[in-house]
Amino acid sequence: MVRWHAAPPRGINKLVVNVQAARLDSTYLAQTAVFFKELPTEKADTLAIGLFGVYTAISAEPHTLDNIRDLWPKLWPYISDDTRFWAGTRLGRFLADADHAQAALARQLIDLAQGGSYLPEAVKVSEMAEVIEELMDVHLAMNNFYNEPRVARRLAELVGQHGSVPANLVHQYVKTVVTVFLTNGNGPVFAAEPIYPDLIGRFDPQQASLALRSFANAEISSRLQRPLSRTKWGELLNVLDVKITGRPERELLQAIREFPGTPDKLRLASGIKRYLDAVPN
């Protein structure tokens with residue numbers, strides 16, 4: 001094992017050489033993480049591209065892969081979105097060219113950095129559709145307390161901080177997030193509970209409009225018969241308030257808040273239906 005006790009080399013080319021030379025010790029790796037903070041973004045991008053290329057070269061030695069796996073998540077916060085999307089695009093190219101071994105290695109780095117939101121659109125659509133369906137399945141299952149957090153975290157990773165959801169999945173995504181946020185009425189899944197308001201907080205105005213109208217769905221309306229879910233519905237409206245921009249949607253929101261009955265009766269109220277019909281789909 002190579003022992004580095006001085007500060008890491010400042011040249012990024014030298015660092016790429018060092019990760020291939022031998023397994024790096026913890027002191028060197030910790031010092032290198034400090035070095036990342038000092039890098040201009042363009043140099044961090046260059047380093048990331050270099051490490052990515054070495055990692056996905058098939059011929060890399062096990063110690064090289066270990067070194068890069070250790071450094072990669074520490075470097076990720078300092079690279080640009082363009083380079084993150086570049087990594088996702090490279091994965092897509094490997095898949096398109098049937099370079100399965102390289103695709104698997106590229107995917108390891110993207111997963112290690114929790115970079116699912118930077119996957120190519122085709123890959124993202126497929127995976128997000130599966131995760132949305134899985135989240136609903138585990139939420140409705142008996143052991144949801146144990147299985148739901150893992151799937152919720154994966155969905156949050158795919159959505160990313162910008163709330164990016166493929167257009168053909170938006171309706172299913174919003175319905176699922178609202179459903180799990182409202183809970184099954186028996187109690188919250190504590191490990192997943194912080195994830196759902198965070199996802200709702202990433203809704204854009206279109207997604208917020210869909211969430212506002214979700215009471216019209218028979219399954220969600222049925223859930224709103226439960227006291228805990230009614231409480232969560234009120235919390236949902238508070239989060240959506242700042243996101244609702246259209247006049248018809250704001251009038252609907254006001255009508256919902258002024259409705260004298262319980263929220264499970266909203267979908268049957270003629271006065272609410274008039275406002276609902278005015279909201280564009």
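Fair warning: this is a prediction, and the values are worked out from it, not measured in the lab.

A. Structural detail: the packing of helix H7 (residues 121–140) against helix H8 (residues 144–159). Where H7 contacts H8, the axes come no closer than 9 Å and their chain directions differ by 155°. Considering the angle they form, H7 stands roughly antiparallel to H8. The interaxial crossing formed by H7 with H8 has left-handed handedness. In contact with Lys 124, Glu 127, Met 128, Val 131, Ile 132, Glu 134, Leu 135, Val 138 and His 139 of H7, H8 contributes Asn 144, Asn 147, Glu 148, Arg 150, Val 151, Ala 152, Arg 154, Leu 155, Leu 158 and Val 159.

B. Representation of the pattern of salt bridges within the structure. Tallying each qualifying case throughout the model produces 18 salt bridges. With a closest N to O distance of 2.5 Å, Glu 127 and Arg 107 form a salt bridge. One end of the pair, Glu 127, is in helix H7; the other, Arg 107, is in helix H6 (residues 100–112), with 20 residues separating them in the sequence. There is no split in this pair, since Glu 127 and Arg 107 are both buried. Among the ionic contacts, a cluster of salt bridges with common partners joins Arg 107, Asp 111, Glu 127, Arg 154 and Glu 157.

C. Structural context of the side chain of His 139. Within the element layout of this structure, His 139 appears in helix H7. Excluding residues that lie within four positions of it along the chain, His 139 makes contacts with Asn 144, Glu 148, Thr 179, Val 180, Thr 183, Asn 184 and Arg 223.

D. Focus on H7. The terminal C-alpha atoms of H7 lie 28 Å apart, and with 20 residues this matches the ideal 28 Å at 1.5 Å per residue to within 8%. Burial in H7 covers these residues: Val 123, Lys 124, Glu 127, Met 128, Val 131, Ile 132, Leu 135, Met 136, Val 138 and His 139. Buried residues along H7 sit against helix H5 (81–96), H6, H8, helix H9 (170–181), helix H10 (195–201) and helix H12 (218–223).

E. Quick look at the environment of Phe 94. Structurally, Phe 94 can be placed in helix H5. Here the alpha-carbon distance between Phe 94 and Ala 104, two residues 10 residues apart in the chain, equals 8.9 Å. In contact with Phe 94, not counting residues within four places along its chain, are Phe 52, Thr 56, Asp 99, Gln 102, Ala 103 and Ala 106.

Calculation notes
Residues numbered from 1 in each chain as written. Predicted model: local features only at pLDDT ≥ 70, side-chain atom pairs only at ≥ 80, totals over all residues. Heavy atoms only, no water. Axes fitted to C-alpha atoms, helices over the stretch in contact; angles between N-to-C directions. Helix = DSSP H or I, 4+ residues; strand = E, 2+ residues; numbered from the N terminus. Parallel < 35°, antiparallel > 145°, perpendicular 65-115°, else oblique. Left-handed = near helix turned anticlockwise from the far one by under 90°. Contact = heavy atoms within 4.5 Å. Salt bridge = Lys/Arg side-chain N within 4 Å of Asp/Glu carboxyl O. Buried < 20%, exposed > 50% of the residue type's maximum accessible area, 1.4 Å probe, protein only. Expected span 1.5 Å × (residues − 1).

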